[in-house]
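Topology and contacts: notes
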Amino acid sequence: MSHHSGTPVVLELREVGYRPRGTDALLSDLTLHVHDGEILVIAGPNGAGKSTLIRLIAGLSEPTGGEMLLGGRPYRTVPITERARVIAYVGQSEESDDRLTVSQYVSLGQLPHHRTGGRGDSARATDEALDLADLTRFAGRRMSEISGGERQRAKIARAICQRPRILVLDEPTNHLDPSARGELLSLVSGLGITVVAALHDLTLIEAFASHVALIQGGRLVAHGHPVEVLSSERVRAVFSVDLHRMQHPVEARQISVLDIPIEGRFGTGALPQETPGPAASGAPHLRAVATRG
Ligand SMILES: Nc1ncnc2c1ncn2[C@@H]1O[C@H](COP(=O)(O)OP(=O)(O)OP(=O)(O)O)[C@@H](O)[C@H]1O
C-alpha cells in the first residue's frame, strides 16, 4: 500500500531486523516511512514485536540489520543529545521518582535543552506542558500523591515539555479508564507533531491514527490507513476476533465494534472440582449473570 502525504519523511526504516544474540529474530525486514505530522500506530498481537520496534525507534536499542534514518540521517550519526531533543519516549512501565513534585517531574523533559535555552524557557515549557495535560492543579503534589491515570498524563506532559519533533509511546492508554483513554489520545493528537505509538485497542486506533503498521511475528503484515489495514478479514486472521464496522446509531459516521469470543463461560470442567463446600456459594449468582448472554 503506498501513500504520500506531501510532507517530509522524518523517520525511515530500511529492511530493519533485530535479533539479540542467541535468539530467533524478533523483528525482520521492516521497511517503513513516517512523514512529518503523521500519527502512526504500531498494532499487532501480544509478542508481535511492538515494544521491540518502539524501543528501536526511540533509540534505546540498535537494529542488528538494516538501517534507520532520522530526518534522512542514519541514527548512529545523530549525536545522542541531539536525538534527545528530537525524540521523546514514554515507555510502558517507567518508574517515576515519587519524591518529585508533578511540576519537577514534568520539567525533566527540558534536560536535553539546558545548554540551548535559558531558565525562563524551561519554566515556560513546563507550565505549558502542565496546562496542556490538565495537570496545573496538581503541579505542587508529589508524584506518589496522584492517581495512575494522572501519572500517565504526567509522563506525557514530561515528553511534551521536551518539545520533541517525534513522540514515541508504548501502550500509553494502559491502565486508563475509557474516557481517560480518549482524553489522553486527544491530547496527543492535538499536539500536531509526529507520533509513533504501540496501541492495543483496535477500536481506538481508527479514531486516533492517521496510519497503522500491523506487525505479526516481527514482520510487517500491512501498512496504510487504519480502515484499510484493519479490515475485518485481516483482523480476524491476525487477532482471531471479529471487528464489525457499523453505522453510529445517531451520528453520520462509522464506529467499530469488537466481538471477542469468551469460551468456557458455563464451566467445561477443565479444572476438576472435588468437594463443593459452602465456599462455592457465590457461584449460582455468577452463573445467572453468564447465562444472560
Ligand atoms: N531481549 C529479548 N530476548 C529474547 N526475546 C525477547 C527479548 N525481548 C523480547 N523478547 C521476545 O520478543 C517477542 C516480542 O516482544 P515485544 O515485547 O516486542 O512484543 P509486543 O508486541 O510488545 O507484545 P505485548 O503486546 O505482549 O506487549 C516476544 O516473544 C518476547 O518474548
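Residues numbered from 1 in each chain as written. Predicted model: local features only at pLDDT ≥ 70, side-chain atom pairs only at ≥ 80, totals over all residues.

As recorded in an unreviewed UniProt entry, the chain goes by the name Iron complex transport system ATP-binding protein, listed as coming from Stappia indica. The chain has a UniProt comment under Sequence similarities (unreviewed entry) that states "Belongs to the ABC transporter superfamily." (UniProt positions renumbered as here; feature names shortened; annotations may be inferred.)

Okay, the overall build of the chain next. Across its full length, the chain holds 10 helices and 12 strands. Out of the 293 residues in the chain, the part that is buried amounts to 32%. Of the contacts formed within the chain by residues at least 6 apart in sequence, a portion of 66% connects residues at least 24 apart. (Helix = DSSP H or I, 4+ residues; strand = E, 2+ residues; numbered from the N terminus. Buried ≥ 20, exposed ≤ 12 C-beta atoms within 10 Å, placed from the backbone. Contact = placed C-beta atoms within 7 Å.)

Attention now moves to the site of the ligand. Looking at the ligand, the residues that line it are Pro20, Thr23, Leu26, Gly44, Asn46, Gly47, Ala48, Gly49, Lys50, Ser51 and Thr52. Classifying every residue of the shell around the ligand by side-chain character gives 3 nonpolar, 7 polar and 1 charged. (Near = placed C-beta within 6 Å. Nonpolar A, V, L, I, M, F, W, Y, C, P; charged D, E, K, R; others polar.)

Because the α-helix completes a turn every 3.6 residues, residues three or four places apart line up on one side. With 12 residues, helix α6 (residues 178-189) extends 17 Å from end C-alpha to end C-alpha; this agrees with the ideal 16 Å at 1.5 Å per step. Those residues of α6 that sit buried are Arg181, Leu184, Leu185 and Val188. Here the buried residues of α6 occupy an arc of 95 degrees about the axis, which is enough to place them on one side. Structural note: α6 exposes Ser179 and Ser186 on the side pointing more than 90 degrees away from its buried face. Where the residues of α6 are buried, they touch α5 (148-161), β7 (166-170), β8 (194-198) and α7 (202-208). (Expected span 1.5 Å × (residues − 1). Arc of directions from axis to C-beta.)

What follows deals with the sheet that holds strand β3 (residues 39-43). Reading across from one edge, β6-β7-β8-β3-β9-β10 is the order of the 6 strands in this open sheet, with mixed pairing throughout. Single-partner strands in this sheet number two, and they are β6 (87-90) and β10 (219-224). On average, each strand axis in the sheet is inclined to that of its neighbour by 15 degrees, with strand direction left out of account. Alignment of β6 against β7, held across 4 bridges, turns out to be parallel. Residue pairing for β7: Ala88 is matched across the bridge by Leu167. (Pairing = 2+ DSSP bridges. Axes fitted to C-alpha atoms, helices over the stretch in contact; angles between N-to-C directions.)

Turning to the confidence of the model for the chain, a few remarks are in order. Low pLDDT means the predicted atomic positions in that stretch should not be read closely. Across the chain, pLDDT averages 87, with 89% of residues at or above 70. In this model, residues 281-293 is a region of pLDDT below 50 whose contacts with residues beyond four sequence positions or in other chains number 2 contacts. Prediction confidence for the complex, expressed as pTM and ipTM, is 0.87 and 0.95 respectively. (pLDDT = per-residue confidence, 0-100.)

A few words on the nonpolar core. By size, the foremost hydrophobic cluster in this structure holds 67 residues, and its most contacted members are Leu40, Val41, Ile42, Ala157, Val168, Val196 and Val212. The dominant element in this core, judged by the number of residues it contributes, is α5, at 6 residues. Apart from residues no more than four positions distant in its own chain, Ala157 is found in contact with Val106, Ala129, Leu130, Leu132, Ala133 and Leu135. (Core = buried A, V, L, I, M, F, W, Y, C linked by C-beta atoms within 7 Å.)

Another aspect to go through is the sheet that holds strand β5 (residues 73-74). Overall, antiparallel pairing links the 4 strands, which are arranged β2-β1-β4-β5 in an open sheet. Taken across any chain shown, the strands that pair with only one partner, and hence form the sheet edges, are β2 (27-35) and β5. Pairing of strand β1 (residues 9-18) with strand β4 (residues 65-70), which is carried by 5 bridges, proceeds in the antiparallel orientation. Bridge pairing in β4 links Leu11 to Leu70. The strands that helix α1 (residues 50-57) touches are β1, β2 and β4; relative to β1, the one it contacts most, it runs at about 125 degrees.

For Asp36, the location among the structural elements is in the loop between β2 and β3. Taking the C-beta count within 10 Å as the criterion, Asp36 has 17 such neighbours and is therefore assigned partly exposed. Between the alpha carbons of Asp36 and Arg165 there is a distance of 8.5 Å; along the sequence they are 129 residues apart. When neighbours within four sequence positions are excluded, Asp36 is seen to be in contact with Thr7, Pro8, Val10 and Thr194.

You will see that Asp29, though not glycine, has its phi angle at about 55 degrees, which is positive. By the secondary structure assignment, Asp29 is in strand β2.

This part is about the pairing of strand β9 (residues 211-216). Of all 6 residues that make up β9, 5 are buried, and the element is covered over most of its length. Of the strand pairs in this sheet, β3 and β9 are connected by 4 bridges, and their pairing is parallel. Bridge pairing in β9 links Val41 to Val212. Examined bridge by bridge, β9 and β10 share 5 bridges and lie antiparallel to one another. Note on β10: the bridge partner recorded for Ile215 is Leu220. Linkage of β9 to β10, two consecutive antiparallel strands, is achieved through a turn of 2 residues, within which Gly217 is found at a positive phi near 55 degrees.

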